[in-house]
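Spelled out, the chains give:
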Amino acid sequence: MLLVGRSALQTRLTASVLIVGGGPCGLMLANELGRRGVSAILVDEKPGTAFNPQANATQARSMEHYRRLGFADEIRREGLPADYPTDVAYFTRYSGHELARFALPSSSRAGELIKGLSGSWSAAELPHRVSQKYVEAVLRRHAERLPEIKLNYGHRLVRYVESDDGVVGEIERLDDGSHFPVRADFLVGADGPRSLVRQSLGIVYGGETGMQRDFMGGRMLAVYLRSPDFYASIPHAKAWMYNCFNGDRRAFMASVNGRDEFAFHTQLRPGEDESAITINEAKAAFQRACGTPIECEVLSFLTWTAGHALVANGMQRGRVFLGGDAAHLFTPTGGLGYNTAIEDAVNLGWKLASVVKGVSPATLLGSYEVERRPVALRNTDYARRFADSLGLFAPAPEIEDDTDAGSEARRAAGTYLEQHARAEFNIPGVTFGGRYDGSPIIVSDGSEPPPDAANVYVPSACPGGRAPHAWLEDGVSLYDLFGFEWTLLQFGEVASAHAAVTDAVRVLGVDLKLVTLPGSLRGLYDADLALIRPDQIVAWRGGASQAGTIGRVLARALGHSASDGARLAS
C-alpha cells in the first residue's frame, strides 16, 4: 500500500516517465524525452549533480550523441583547457622515472584532426577527457530548459506500485520528510549499483565480482584534491592520466581542470583499515605516489571496490526499466561504465517516446533489454580484460633502483605499459562496434557484420550497427544531415523513395526525413537506400527496387507485428 502524508493531496504530480537517479543515465534520458516533448519527473537523493570527479573519459560515441542533442561543443569546452594534452603516462612515482607515455591530442587539436581521419576513426567526434561532474552539470542545464522535464534533487523514491494503468511512486522530500505521489506511465531505475528499483524487481547481478588484483581489484581509495604546486614539482611533461607503478603504492590520477584539481585513486594495501582513513592519511597516500611531499588540500575522499564485471539478469519488468549502474557495474577501465549508461538512455529514450506518443505499440519496449543487455555483457568483458592487463602486471622489486637491474626493469615495464595504454585508450572497436544483431526491430539483409575487436573498427552498414560516418565535401558531418528521429538515406535519386516516405509519414505518423546523398557515397553503405533509427543505428538497407517496402520495413522497426505492419503499409 502506498503511504502518503496529508500534504501529498496538494502535491500530486503526473508525468509520462518517472526517472529515479540523476546521474549521467537519468539526465541523458531526461534530455532525450524532453527533446521529444515527453514529460518526465526525475528524483535523486543527492542535493545536486556530482561534486566528486568520478568518471573522467567521454568516448567518441557519447560525444556523437551530445552532438546530436546540440551540446557537444559545450561539453568539449569543459574540464581541461583547450590546449592541454590528454596523454596517458606511467611513472615509478610522479616525481620519479617516466616509464611510458601514450600521446593523445588536446581538445582543440582533436577538433582539427577529426575531419582528416578515416578508417577506424571515421567519426563525427573524437573522445574528450572530462570529469563526469562537468558532464552532469551540462546535462542538467539542458534538461532544466525543457518545459516537459522536472528535476527534483534532494528527493528519493520510497516505494512504488505498478498496475495495468501505470506506476505510482511515493516520493520523499528529504529536507522536511514530507511525502507525495507521482503517477507515471513508466518508471526507469537509473539509481546506481544499490538500486532500490532493481531490488524491488527481484533482479540480481550476474557475472564476476570480488576479483583480486595487484591493482584495480579490491578496495580502492579515491581522493579529490587540490594541489597548485603539482605541475611545477614534477619534472615531466603534463599528462591527463598519471599512473604510479611501483611495489609500494600503485595509483592512477586524472587531471580534473588542468590547473590544480586532481582525482587520485590508489589500491588499499593489506592491513589498511578503510574505516580508519583520515584526511591526513589520504594526503599521505598522494604524497607517497608523488615520491615527494607536494602540498595538497583534500576536498573529499571515499573508498570503493574495483573488480566488478556485473550485468543485471534483466533490464525490464512490465512498465519498469533499469539503466546505467543499476543494470551493469564495471571496473572503470576504458571509461566504459559511464559511456554504456549514456547509450542505455539513448536507446530507451526514443522507444519510450515513440510508445508514449502512440507511434509504436508497447511491445517495442521489449527490444530495449534485447539490444542493450548483450552490449553490457560485451562492454563489461572488455573492461575486465583491461583491468586484468593493468592490474595483474606487477612491478619488479628493483624498478625504482638506480642500478642496471632497475634500469632494465623500467625498460621492460615501459614496453609493456605502452602496449597496454594503446590497448585501453585507443579503442574505436569498443566505442563504435556495439551491435544489435538479432533484435526484432532490426531487418537483417543476410550480410555478416565485421569482427568485433577492441582496437579496430570496420565501418559497416550491415543492419544493427552504427551508421557509417563521412565528412562531406562542404565539411559537414553526415550525421548533421540526419533527422532527429528517423532518416532514410538515398544515394542518388531513387524515383519511388519520395512517394514511399510520404506514405510512411502519413500512415504511421512518424517523423521521417529523406536525405539525398551523392551516388559516389553509395559504397559507404553498399546500398541504394538505408533506414537510420533515431539512435543512428542502421535498421535496414536495400536496393532501389525495394523502395516500395519502406512502409512495411519502418513499421517493423517501430515495433509493429508483421501482420500490423502489412496492414499499416497497405
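Residues numbered from 1 in each chain as written. Predicted model: local features only at pLDDT ≥ 70, side-chain atom pairs only at ≥ 80, totals over all residues. Heavy atoms only, no water.

Caption draft 1: Focus on the confidence of the model for the chain. When pLDDT is averaged along the chain, the result is 93; 96% of the residues meet or exceed 70. With pLDDT under 50 throughout, residues 1–10 is counted as low confidence; its partners more than four residues away or in other chains account for 18 contacts. (pLDDT = per-residue confidence, 0-100. Contact = heavy atoms within 4.5 Å.)

Caption draft 2: Here's a closer look at the sheet that holds strand 11 (residues 241–244). Here we have seven strands laid out as an open sheet, ordered 4-3-11-12-13-10-14, and mixed in their pairing. Whereas interior strands pair on both sides, the edge strands pair on one side only; in this sheet they are strand 4 (98–102) and strand 14 (297–306). Taken over all neighbouring pairs, the strand axes of this sheet differ in orientation by 15° on average, direction set aside. Bridging between strand 3 (residues 88–91) and strand 11 involves four bridges; their strand directions are parallel. Its bridge partner lying in strand 11, Val-88 is registered against Met-241. (Pairing = 2+ DSSP bridges. Helix = DSSP H or I, 4+ residues; strand = E, 2+ residues; numbered from the N terminus. Axes fitted to C-alpha atoms, helices over the stretch in contact; angles between N-to-C directions.)

Caption draft 3: A look at the layout of surface pockets. Here the second largest pocket defines a volume of roughly 270 Å³. No other element matches the three residues that helix 4 (residues 107–113) contributes to the lining of the second largest pocket. The residue inventory of the lining of the second largest pocket, partitioned by class, reads ten nonpolar, five polar and two charged. (1 Å grid on protein atoms, 1.4 Å probe; cavity = no way out; pocket = protein on both sides within 12 Å on 5 of 7 lines; lining within 4 Å. Points joined across faces, edges and corners; volume = space filled by probe spheres on them. Nonpolar A, V, L, I, M, F, W, Y, C, P; charged D, E, K, R; others polar.)

Caption draft 4: The arrangement of the pattern of salt bridges in detail. In this structure the tally under the stated criterion is 49 salt bridges. A salt bridge links Arg-36 to Glu-485, with the shortest nitrogen-to-oxygen separation between them at 2.9 Å. On the criterion of sequence distance, the pair formed by Arg-36 in the loop between helix 1 (24–35) and strand 2 (40–44) and Glu-485 in the loop between helix 12 (428–432) and strand 19 (486–491) is long-range, its members being 449 residues apart. Residue Arg-36 shares its accessibility class with Glu-485, and that shared class is buried. The partner of Asp-535 in a salt bridge is Arg-533, and the shortest N-O contact between them spans 2.8 Å. The burial state of Asp-535 is the same as that of Arg-533; both residues are buried. Because the salt bridges share partners, they merge into one network encompassing Arg-93, Asp-248, Arg-249, Arg-269, Glu-272, Arg-288 and Glu-400. (Salt bridge = Lys/Arg side-chain N within 4 Å of Asp/Glu carboxyl O. Buried < 20%, exposed > 50% of the residue type's maximum accessible area, 1.4 Å probe, protein only.)

Caption draft 5: Seen up close, the environment of Trp-350. With respect to the helices and strands, Trp-350 occurs in helix 9 (residues 336–356). Classification of Trp-350 by relative accessible area gives buried; the value is 2%. Taking C-alpha positions, Trp-350 is 44 Å from Ser-275, a pair spaced 75 residues apart along the chain. Among residues more than four places away in sequence, those in contact with Trp-350 are Arg-36, Leu-364, Ile-441, Trp-486, Arg-533, Pro-534, Asp-535 and Ala-557.

Caption draft 6: How the structure looks around helix 11 (residues 404–425). Taking 1.5 Å of rise per residue, 22 residues should cover 32 Å, and helix 11 covers 31 Å from first to last C-alpha, within 8% of that figure. For helix 11, every residue scored as buried is listed here: Gly-406, Ala-409, Arg-410, Ala-413, Gly-414, Leu-417, His-420, Ala-421, Glu-424 and Phe-425. Take helix 11 and look down its axis: the buried residues cluster within an arc of 145°, on one side only. Exposed residues on helix 11 whose side chains face more than 90 degrees from its buried face are Asp-404 and Gln-419. Residues of helix 11 that are buried sit in contact with strand 3, strand 4 and helix 10 (366–391). (Expected span 1.5 Å × (residues − 1). Arc of directions from axis to C-beta.)

Caption draft 7: Quick peek at the packing of aromatic side chains. The tally for this structure, following the rule as stated, stands at 25 aromatic pairs. Judged by centre distance (5.7 Å) and plane angle (80°), the ring pair of Trp-121 and Phe-432 falls under edge-to-face. Of this pair, Trp-121 sits in the loop between helix 4 and helix 5 (132–144) while Phe-432 is found in helix 12, placing the two residues 311 residues apart along the sequence. Grouping residues by exposure puts Trp-121 and Phe-432 together as buried. Between the NZ or CZ atom of Arg-198 and the centre of the ring of Tyr-205, over which it lies, the distance is 4.0 Å. (Phe/Tyr/Trp six-rings, centres within 6.5 Å; stacked < 30°, edge-to-face > 60°. Lys NZ or Arg CZ within 6 Å of the ring centre and 35° of its normal.)

Caption draft 8: Main features of the pairing of strand 8 (residues 179–189). In terms of burial, strand 8 is largely enclosed, as nine of its eleven residues are buried. Pairing analysis gives seven bridges linking strand 1 (residues 13–20) to strand 8, with the strands arranged parallel. Looking at strand 8, one finds that Leu-13 is bridged to Val-182. Bridge analysis of strand 7 (residues 166–173) against strand 8 gives six bridges, and the strand direction is antiparallel. Note that in strand 8 the partner of Glu-172 across the bridge is His-179. Hairpin remark: strand 7 followed by strand 8, antiparallel, with five residues in the connecting loop; positive phi at Gly-177, about 75°. Pairing of strand 8 with strand 17 (residues 320–322), which is carried by three bridges, proceeds in the parallel orientation. The residue of strand 17 that forms the bridge with Gly-189 is Leu-322.

Caption draft 9: Summary view of unusual backbone geometry. Phi is positive for Gln-54, which is not a glycine, with a value near 55°. Looking at where Gln-54 falls in the secondary structure, it is placed in the loop between strand 2 and helix 2 (60–69). By relative accessible area, which is 43% here, Gln-54 ends up partly exposed. In the Ramachandran plot, Gln-536 falls in the positive-phi region, its phi being about 65° despite a non-glycine side chain. By relative accessible area, which is 4% here, Gln-536 ends up buried.

Caption draft 10: Inspection of the sheet that holds strand 15 (residues 309–312) at higher detail. Spatial ordering of the open sheet is given by 9-15-18, a layout of three strands whose pairing is antiparallel. Of all strands in the sheet, those with a lone pairing partner are strand 9 (205–208) and strand 18 (328–330), marking the two edges. The average undirected angle you get between the axes of adjacent strands in this sheet is 15°. Pairing between strand 9 and strand 15: four bridges, direction antiparallel. Across the sheet, residue Tyr-205 finds its bridge partner in strand 15, namely Ala-312. Running at roughly 170° to strand 15, helix 10 makes contact with strand 9, strand 15 and strand 18 of the sheet.

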